[in-house]
Amino acid sequence: MTGNMEAKLAGLRDHARDIRRNALRALHAAGSGHVGGSLSAADLLAALYFHHLRLRPHEPDWAGRDRFVLSKGHANAALAAVLAQAGFFSEDALDTFYGYESSLGMHPDIKVPGVEMSTGGLGHGLSVGIGMALGARLQGLDFRTIVMVGDGELQEGSNWEAAMSATHLGLAGLTAIVDYNKIQQSGNVGEMLDLEPLADKWRAFGWAVREIDGHDMAEVVDALDALPYDTRRPSVIVAHTVKGKGLSFAEGTYLWHSNMVTDEIYAKAMAELGESA
Ligand SMILES: Cc1ncc(C[n+]2csc(CCOP(=O)(O)OP(=O)(O)O)c2C)c(N)n1
C-alpha cells in the first residue's frame, strides 16, 4: 500500500472515531437512544461521506449528488454526526438532538440538509432507493444510490420484493449495504429469525455481492471503489460488523441497541473513544 493510501485510511479512521464521539454526544443530549446500531455503522459512514459519495454540502439539493438512504433510520445519531462533520450543518446542532424544537429527531427527517429520505419505519429504504436509481436512469443523470439496511430490518419481506424488482429493472446504479452486526432489538438475529446464508440469498435474487469486514477501513474503501460489481444489475455489500463497536460495555449485546446515555456513561464513552482530531 502506498504512503498516500495509508494516510487516506488513517484520516477515514479519524472521521469514524469522530462519528462515534458525535453520535454519543447527540444521544447524551437526548438522554437515551440507539447506541449499538449507530456505532456499528460508523466506519461505513466515514468511508461513504469522506471518500465515496459525490456531494456538495453547501448545495445539498444539487441534482447530480449521489443519494444515500439510511433505511435503518434509528441510527440517525450517526447520520446526523457525519452530516455535521461533512458540513451540511453545524456540529452544535448535535447538542439539540431529539429536543422539542430541534430539526434533529431520533430518526432522519428529509427537511434536514443532506437527508434524502425520512426513515424509521423499517423496510422502506430499498424500495425508495429503487425509485431514485430509476429516476437517475430516466433523467440521464449519473448519480449513484446507496441504501444502508440493518440485518434485523432484512427480516421484513418488503426488502426482498425490492431486491427482486431492482434486479428485474437492471439497476446497476443501486447499491445496498447491509450493516450485518448479527443483533437486532431484543436478541441475536440468528436465534430470532436467521438470515443465513445471507450472501447466497442476495445472489439468488440476482445481486452482485461482496462480503467485507465493515470495520476494516481498507476493505470498506476497496469495496466502495470497486462499485458497481456488474454493469447490468445491482450490487450489495454485506458488511460484517459489531453492534456497539468501539465501546467495551456496548459491543455485541442487544442491551445497547437502545439505552440511556447518562452523564456517567457519556464520560466513560468519551474516555474509551479517545481524543477527537
Ligand atoms: C416497521 C418497524 N418495526 C419495528 C421497528 C422498531 N425497531 C427499531 S430498531 C429495530 C431493530 C432493528 O434491527 P437491525 O435492523 O438489526 O438494526 P441495528 O442492529 O443495525 O441497529 C426495531 C425492531 C421499526 N422501527 N420499524
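Now for a quick tour of the structure. Everything numeric in this text was worked out from a predicted model, so none of it was measured.

What counts, and at which threshold
- Residues numbered from 1 in each chain as written.
- Predicted model: local features only at pLDDT ≥ 70, side-chain atom pairs only at ≥ 80, totals over all residues.
- Heavy atoms only, no water.
- Helix = DSSP H or I, 4+ residues; strand = E, 2+ residues; numbered from the N terminus.
- Contact = heavy atoms within 4.5 Å.
- Polar contact = N/O pair within 3.5 Å; in protein donor to acceptor, adjacent residues only side chain to side chain.
- Buried < 20%, exposed > 50% of the residue type's maximum accessible area, 1.4 Å probe, protein only.
- Pairing = 2+ DSSP bridges.
- Axes fitted to C-alpha atoms, helices over the stretch in contact; angles between N-to-C directions.
- Parallel < 35°, antiparallel > 145°, perpendicular 65-115°, else oblique.
- Left-handed = near helix turned anticlockwise from the far one by under 90°.
- Phe/Tyr/Trp six-rings, centres within 6.5 Å; stacked < 30°, edge-to-face > 60°.
- Lys NZ or Arg CZ within 6 Å of the ring centre and 35° of its normal.
- Core = buried A, V, L, I, M, F, W, Y, C linked by side-chain atoms within 4.5 Å.
- Arc of directions from axis to C-beta.

For the rest of this paragraph, the subject is the environment of Tyr229. With respect to the secondary-structure elements, Tyr229 resides in the loop between helix H9 (217-225) and strand S6 (235-240). Beyond its immediate chain neighbours, meaning those up to four positions away, Tyr229 contacts Ala208, Val209, Arg210, Ala223, Ser235, Val236 and Ile237. Of the polar contacts made by the side chain of Tyr229, one reaches the backbone oxygen of Ala223; its length is 2.7 Å.

Counting buried residues along strand S3 (residues 145-150), six of its six residues qualify, which places the element largely inside the surrounding structure. Residue alternation in S3 divides its side chains into two sets, Thr145, Val147 and Val149 and Ile146, Met148 and Gly150, and both sets are buried. Bridge analysis of strand S2 (residues 67-70) against S3 gives four bridges, and the strand direction is parallel. In the sheet register, Phe68 faces S3, and the bridge partner there is Ile146. Strand direction decides the pairing type here: S3 and strand S4 (residues 174-180), joined by six bridges, are parallel. Each residue of the ladder has a partner; that of Met148, found in S4, is Ile177.

The subject of this paragraph is the packing of helix H3 (residues 42-52) against H9. When two helices pack together, their arrangement is captured by the angle between the axes and the distance separating the axes. Packing of H3 against H9 leaves a shortest axis separation of 10 Å and a crossing angle of 50°. With respect to H9, the axis of H3 lies oblique. In terms of crossing hand, the pair formed by H3 and H9 is right-handed. Taken together, the residues of H9 that come into contact with H3 (itself represented by Asp43, Leu44, Ala46, Ala47, Leu48, His51 and His52) are Met217, Val220, Val221, Leu224 and Asp225.

A word on the packing of aromatic side chains. Applying the stated criterion to the full structure yields five aromatic pairs. Measuring from centroid to centroid gives 5.8 Å for Tyr49 and Phe68, while their planes differ by 85°, and the two rings are edge-to-face. Of this pair, Tyr49 sits in helix H3 while Phe68 sits in strand S2, and the two are 19 residues apart along the sequence. When its relative accessible area of 4% is taken as the criterion, Phe68 is described as buried. Ring geometry for Trp160 versus Phe205: centroids 5.1 Å apart, planes at 50°, classification tilted. Of this pair, Trp160 sits in helix H6 (residues 157-168) while Phe205 sits in the loop between helix H8 (198-204) and strand S5 (208-213), and the two are 45 residues apart along the sequence. Given a relative accessible area of 13%, Trp160 falls into the buried group. Look at Phe205 and you get partly exposed, because its relative accessible area is 26%. Taken together, the ring pairs connect Trp160, Trp202, Phe205 and Trp207 into an aromatic cluster. Above the plane of the ring of Trp62 lies Arg56, whose end atom (NZ or CZ) is 3.9 Å from the centre. Over the face of the ring belonging to Phe143 we find Arg67, whose NZ or CZ atom lies 3.7 Å from the ring centre.

The next subject is the nonpolar core. Residues Leu24, Leu45, Leu48, Tyr49, Phe68 and Leu247 are the most contacted members of the largest nonpolar core, which totals 61 residues. Secondary structure elements with two or more residues in this core: helix H1 (3-30), H3, S2, helix H4 (76-86), S3, H9, S6 and helix H10 (263-273). In terms of residue count, the dominant contributor to this core is H4 (nine residues). If sequence neighbours within four positions are ignored, Tyr49 has contacts with Leu55, Phe68, Leu79, Val82, Leu83 and Phe88. Grouped together as the second largest cluster of nonpolar side chains are 27 residues, Met132, Leu154, Leu171 and Tyr180 included.

Turning our eyes to something else, we now look at the sheet that holds S5. The strands that make up a sheet pair up through hydrogen bonds in the backbone, lying either parallel or antiparallel. Read from one edge to the other, the open sheet built from five strands follows the order S2-S3-S4-S6-S5, with strand pairing classed as parallel. Bordering the open sheet on either side are S2 and S5, each of which pairs with just one other strand. Looking at each pair of strands side by side, their axes are set apart by 20° on average, direction ignored. As paired strands, S4 and S6 are joined by six bridges and run parallel to one another.

All right, on to H9 then. Within the span of H9, buried status applies to Met217, Val220, Val221, Ala223 and Leu224. On an axial view of H9, the arc spanned by its buried residues comes to 160°, and they lie on one face. On the buried face of H9, the contacting elements are H1, H3, S4, S5 and S6. Its side-chain oxygen at 3.1 Å from the backbone nitrogen of Ala218, Asp216 defines the N-terminal cap of H9.

This next bit is on the environment of Met270. For Met270, the location among the structural elements is in helix H10. For Met270, a relative accessible area of 15% puts it in the buried group. Along the chain, Met270 and Ala42 lie 228 residues apart, while their C-alpha atoms are 15 Å from each other. Those residues within four positions of Met270 in sequence are excluded, and the remaining contacts are Arg21 and Leu24.

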